[in-house]
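Descriptive analysis of the structure
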Amino acid sequence: MSRLLALAAETPARGHRPWPRGEVDAAGWTAAGEALAAGSFELLGLWGERDAVHMALREPQADVIAVLTLACPHGEHPSIGRMHPPAIRLERAAQDLHGLRAVGLPDRRPWLDHGRWRRDSVGEAEEASSEAAAGYPFLPVEGESLHQIPVGPVHAGIIEPGHFRFTAQGETVVRLEQRLGYVHKGVEALMVGADAARMVALAGRISGDATVAHALAAARAVEAASAAEVPARGHWLRALMAEIERVANHLGDIGAICNDAAFALMQAHCSALREQALRAAHSAFGHRMMRDCVVVGGVAAEPASGGLDAVRALVALVRARFPALVELYDETASLQDRTVGTGVVGEALVRQFAAGGFVGRASGRGFDARRDSPYPPYDALGVEVPIRAEGDVDARVWIRIREVEASLALLDRLIDELPGGPSRVAVPARGGEGMALVESFRGDVLAWVRLGAGGRVERCHLRDPSWFQWPLLEAAIEGNIVADFPLCNKSFNCSYSGHDL
Amino acid sequence: MRKILLESLLRRPLTEPPPALDDAELAQLGSALERATRRGLGRSLAIREVDAGSCNGCELEIHALGNPYYDLERYGIRFVASPRHADVLLVTGPVTCNMREALLRTYHATPDPKWVVAVGDCGVDAGVFAGSRAVVGGVGDVIPVDLRIPGCPPTPLALLRGLLALLARTAEGG
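Residues numbered from 1 in each chain as written. Chains lettered and ligands numbered in written order. Predicted model: local features only at pLDDT ≥ 70, side-chain atom pairs only at ≥ 80, totals over all residues. Heavy atoms only, no water.

1. Quick look at the nonpolar core
Residues and elements named next belong to chain A. Counting residues in hydrophobic clusters, the biggest one holds 165 residues, and the most contacted among them are Met 191 and Leu 462. With 13 residues, helix H8 (residues 232-260) is the single largest residue contributor to this core. Counting contributing residues, this core receives three or more from each of domain 1 (3-131) and domain 2 (199-462). Every residue in contact with Met 191, bar those within four places of it in the chain, is listed here: Met 199, Leu 202, Ala 203, Ile 206, Val 457, Cys 460 and Leu 462. (Core = buried A, V, L, I, M, F, W, Y, C linked by side-chain atoms within 4.5 Å. Buried < 20%, exposed > 50% of the residue type's maximum accessible area, 1.4 Å probe, protein only. Helix = DSSP H or I, 4+ residues; strand = E, 2+ residues; numbered from the N terminus. Domains from an automatic or database assignment. Contact = heavy atoms within 4.5 Å.)

Right, here's the structure in full:
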């Protein structure tokens with residue numbers, strides 16, 4: 001029997017679907033932390049609430065997923081981060097959002113809390129918050145001829161806000177330290193008490209570029225909690241949207257990465273193809289980014305008449321134009337000179353952080369929720385997952401290229417074999433707990449929800465793939481020149497908003 | 001690369017021509033925008049984009065303004081890297097508590113005369129995030145706003161339309 005299932009079976013929680021959840025004691029919690037440190041478990045997420053902390057885990061060897069819960073009546077729990085560094089930022093966030101103290105946590109600095117939130121409850125110390133706002137102690141640096149470059153939160157381009165503190169020796173980056181949390185909007189707090197429909201709408205606004213994937217993850221979690229079954233056509237239309245979203249984002253990214261290497265020609269062509277993808281989405285589903293198109297129980301509306309033909313035309317257009325662009329990328333030596341060997345992340349690190357998406361796949365970790373934790377319709381379709389070993393900017397570009405091609409093939413089948421029947425089912429508002437793992441263009445999104453008796457949200461947590469990719473960017477840039485940072489950053493394309501929530 | 005460049009020479013440009021019958025609005029926008037830009041601010045307008053807490057959806061559509069179909073630069077409008085070089089702050093929201101100071105500092109770093117455009121439903125009034133204790137509110141709750149472009153996110157065409165309205169006002173001396 002799998003070790004993870006054994007832990008989860010100690011005191012199983014009832015009505016948690018589709019994977020089990022179990023309550024553990026401090027010893028069980030620590031044992032899970034040791035298994036994480038030993039590499040036999042992978043961390044899918046760690047989140048808190050007022051008096052408990054939860055951890056979603058995967059045991060790859062046994063192909064098992066489960067949630068472990070530790071009650072924290074005194075607001076304390078043994079730190080996982082002290083054994084398994086990928087949990088550090090998650091525990092810092094739980095400390096900020098729920099006041100949970102991770103005992104032994106090596107880094108106790110606040111993470112999302114910049115000391116500026118409105119403290120509504122009477123008695124909370126205003127002084128403490130203004131003290132936190134005054135200064136954030138960055139990690140100390142010592143050594144000869146080092147200088148620091150602070151960047152952000154407002155960056156030079158049209159991108160999201162975050163702060164990067166570079167320590168450089170000459171041109172070479174010795175250390176990058178990120179400070180995030182600037183776009184924290186309190187999404188999970190807003191979800192508490194909301195109905196499932198508003199929860200999914202909020203989830204669709206966690207990271208705008210992955211609105212379909214986040215809404216899908218949230219909707220699937222609600223459906224699991226309510227034991228509702230979405231009709232086949234609903235699943236297929238959702239996948240159709242998800243693949244359009246993947247193609248659009250990858251096209252945008254490929255162009256933008258090349259643009260950051262001053263190769264604007266690629267950006268011009270890729271952004272034109274991306275625009276066509278957004279227009280096809282608008283024709284089919286009435287919104288360029290398909291926002292609010294995934295709802296609890298299925299999809300908001302049937303595709304407009306002629307909409308599926310627009311998607312077919314998009315597939316044909318990308319098929320006709322994309323190969324020449326791939327060739328252009330492959331044959332332009334000045335571009336390759338910038339991308340090959342730049343921003344390398346090793347496989348060990350990617351496995352330790354269980355990083356998904358192109359970041360994981362470019363460094364030899366092939367996890368894709370569509371294949372490895374399959375949900376309809378991908379369980380019937382099968383998904384090809386490209387994988388590279390180099391771990392550099394170039395490999396992350398190639399993964400995107402191969403995924404665009406794979407998604408085009410999927411889109412063909414999704415349209416040709418689209419089942420008939422209803423595309424939405426009414427989901428009864430009842431209590432329960434559910435979790436979902438959905439593959440966004442960026443990697444796997446985890447959603448967990450507990451609904452109260454009337455179907456109201458008691459606690460919902462969404463973990464964007466960026467949580468396990470951001471820390472690897474710090475590793476990727478080490479030893480590279482400062483001027484290559486935009487290139488590395490774009491090749492990761494982590495979400496600030498998805499991370500900050 | 002030679003092949004792609006040659007093809008681009010032979011193929012018609014993707015940039016959408018202003019006077020198309022079913023696209024009359026864009027056509028009207030194009031010429032009017034050009035006139036107003038010349039009158040109010042010479043032949044160019046410099047925009048500094050500030051994400052004060054958005055979900056990045058608005059940023060994607062603002063990016064799209066630069067693609068070959070909309071080609072914003074043909075109107076003399078461009079995005080600049082520093083608020084010191086900007087005439088207009090294009091701000092997406094909601095303004096989070098953690099971004100409030102950065103937004104204020106960016107505003108004060110922008111030389112007069114300056115105009116502020118609040119982009120998106122969240123930029124207008126915090127949208128679905130209204131009421132969160134981590135959110136201050138819309139852009140107008142932090143700095144004076146001259147124009148609001150709603151939408152979730154606004155389409156590139158809506159953004160273009162909004163910039164025109166702003167220019168009409170600045171041309172009047174407002």
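2. Regarding the packing of helix H9 (residues 264-285) of chain A against helix H10 (residues 307-331) of chain A
Angle between the axes and distance between the axes are the two parameters that describe a pair of packed helices. Residues and elements named next belong to chain A. In contact at an axis separation of 9 Å, H9 and H10 are set at 170° when each is read in the N-to-C sense. Considered as vectors, H9 and H10 are oriented roughly antiparallel to each other. In terms of crossing hand, the pair formed by H9 and H10 is left-handed. Along its contact with H9, which presents Leu 265, Met 266, His 269, Cys 270, Leu 273, Gln 276, Ala 277, Ala 280, Ser 283 and Ala 284, the element H10 presents Gly 307, Ala 310, Val 311, Leu 314, Leu 317, Arg 321, Leu 325, Leu 328 and Tyr 329. (Axes fitted to C-alpha atoms, helices over the stretch in contact; angles between N-to-C directions. Parallel < 35°, antiparallel > 145°, perpendicular 65-115°, else oblique. Left-handed = near helix turned anticlockwise from the far one by under 90°.)

3. Comments concerning the domain arrangement of chain A
Residue and element names in this part refer to chain A. Assigned domains of chain A: these are domain 1 (3-131) and domain 2 (199-462). Summarising the inter-unit geometry, the C-alpha centres of domain 1 and domain 2 are found 28 Å apart. The interface is formed by 25 residues belonging to domain 1 together with 23 residues belonging to domain 2. At the boundary of domain 1 with domain 2, total buried surface from both sides reaches about 1900 Å², with 56% on carbon and sulfur atoms. Counting the surface domain 1 buries against domain 2, the share from its top three residues, Arg 17, Trp 19 and Trp 47, is 31%. Seen at the junction of domain 1 and domain 2, the total is three salt bridges. The residue Glu 433 makes a salt bridge to Arg 21 at a minimum N-O spacing of 2.8 Å. Our enumeration of links across domain 1 and domain 2 arrives at 12 residue pairs in polar contact (both at pLDDT 80 or more). Those elements that place two or more of their residues in the side of domain 1 that touches domain 2 are strand S2 (16-17), strand S4 (42-49), strand S5 (52-59) and strand S6 (64-71). It is S4 that contributes the most residues to the side of domain 1 that touches domain 2, eight residues altogether. Looking at the side of domain 1 that touches domain 2, its residues break down into 12 nonpolar, seven polar and six charged. (Buried area = accessible area lost by both parts, 1.4 Å probe. Salt bridge = Lys/Arg side-chain N within 4 Å of Asp/Glu carboxyl O. Polar contact = N/O pair within 3.5 Å; in protein donor to acceptor, adjacent residues only side chain to side chain. Nonpolar A, V, L, I, M, F, W, Y, C, P; charged D, E, K, R; others polar.)

4. Focus: the interface of chain A and chain B
Of the residues lining the interface, 54 residues belong to chain A; the matching set on chain B comes to 50 residues. When the two sides are added together, the surface that chain A and chain B hide from each other amounts to roughly 4300 Å², 58% of it contributed by carbon and sulfur. If you sort the residues of chain A by the area they bury against chain B, Arg 118, Ile 158 and Lys 185 of chain A come out on top, with a joint share of 17%. Linking chain A with chain B are two salt bridges. The partner of Arg 288 of chain A in a salt bridge is Glu 61 of chain B, and the shortest N-O contact between them spans 2.5 Å.

5. Points about the packing of helix H17 (residues 470-477) of chain A against helix H18 (residues 485-492) of chain A
Residues and elements named next belong to chain A. Their axes nearest at 10 Å, the elements H17 and H18 cross at an angle of 150°. By the angle between their directions, the pair H17 and H18 is classed as roughly antiparallel. Crossing geometry of H17 relative to H18 is assigned as right-handed. For the pair H17 and H18, the contacting residues are Trp 470, Leu 472, Leu 473, Ala 476 and Ile 477 in the first and Phe 485, Cys 488, Asn 489 and Phe 492 in the second. Its residues assigned to classes, the contact of H17 with H18 shows eight nonpolar, one polar and no charged.

6. Quick notes on the packing of aromatic side chains
The description of an aromatic ring pair uses the distance of the two centres, along with the angle that the planes make with each other. All names here are of chain A. Counted according to the given criterion, the structure contains 10 aromatic pairs over all chains. Considering the side-chain rings of Trp 47 and Trp 448, the 5.4 Å spacing of their centres and the 50° angle between planes classify their relative orientation as tilted. A residue pair is termed long-range when its members are at least 10 positions apart, and Trp 47 in strand S4 and Trp 448 in strand S15 (residues 443-451) qualify at 401 residues. As far as burial versus exposure is concerned, Trp 47 and Trp 448 are alike and both buried. Relative to Phe 166, the ring of Phe 164 has its centre 6.4 Å away and its plane inclined at 50°; by these criteria the two rings are tilted. (Phe/Tyr/Trp six-rings, centres within 6.5 Å; stacked < 30°, edge-to-face > 60°.)

7. A short note on the sheet that holds strand S10 (residues 163-169) of chain A
Residue and element names in this part refer to chain A. What the three strands build is an open sheet, ordered S9-S10-S11; its pairing is antiparallel. Of all the strands in the sheet, just strand S9 (147-151) and strand S11 (172-179) have a single pairing partner and so form its edges. Strand after strand, the sheet turns through a mean of 20° between neighbouring axes, direction not considered. As defined by bridge partners, S10 adjoins S11 across seven bridges and the pair is classed as antiparallel. Paired with Phe 166 across the two strands is Leu 176, which belongs to S11. Across the face of the sheet, H17 comes into contact with S10 and S11 while running at roughly 165° to S11. (Pairing = 2+ DSSP bridges.)

8. Overview of the pattern of salt bridges
Residues and elements named next belong to chain A. Within the structure shown, the criterion is met by 40 salt bridges over all chains. Note that Arg 205 and Asp 292 form a salt bridge whose closest N and O atoms lie 2.7 Å from each other. Of this pair, Arg 205 sits in the loop between helix H6 (196-203) and helix H7 (211-225) while Asp 292 sits in the loop between H9 and strand S12 (294-295), placing them 87 residues apart in sequence. According to the relative accessible area criterion, Arg 205 is buried, its value standing at 8%. Counted as one network, the salt bridges with shared partners bring together Glu 243, Arg 246, Arg 361, Asp 368, Arg 370, Glu 403 and Glu 439.

9. Some remarks on helix H2 (residues 26-38) of chain A
Residues and elements named next belong to chain A. For H2, with 13 residues, the first-to-last C-alpha span of 18 Å sits near the 18 Å given by 1.5 Å per residue. Contact partners of the buried residues in H2: helix H1 (3-8), strand S3 (21-24), S4, S5, S6 and strand S7 (76-78). After H2 finishes, the residue Gly 39 shows a positive phi value of roughly 90°. (Expected span 1.5 Å × (residues − 1).)

10. Some remarks on the sheet that holds strand S1 (residues 45-51) of chain B
All names here are of chain B. An order of S2-S1-S3-S5-S7 is seen for the five strands of this open sheet, with the pairing classed as parallel. Pairing within the sheet leaves two strands with one partner each, and these edge strands are strand S2 (77-79) and strand S7 (147-149). Sheet twist, expressed as the average angle between the axes of neighbouring strands with direction ignored, equals 25°. Taken together, the three bridges between strand S5 (residues 115-119) and S7 define a ladder with parallel strand orientation. The residue bridging Val 117 from the neighbouring strand is Leu 147, located in S7. In this fold helix H3 (residues 57-64) packs onto S1, S2, strand S3 (88-92) and S5, with an angle of close to 140° to the strand it touches most, S3. Packing against the sheet, helix H4 (residues 100-109) makes contact with S1, S3 and S5, and its axis sits at approximately 165° to S3.

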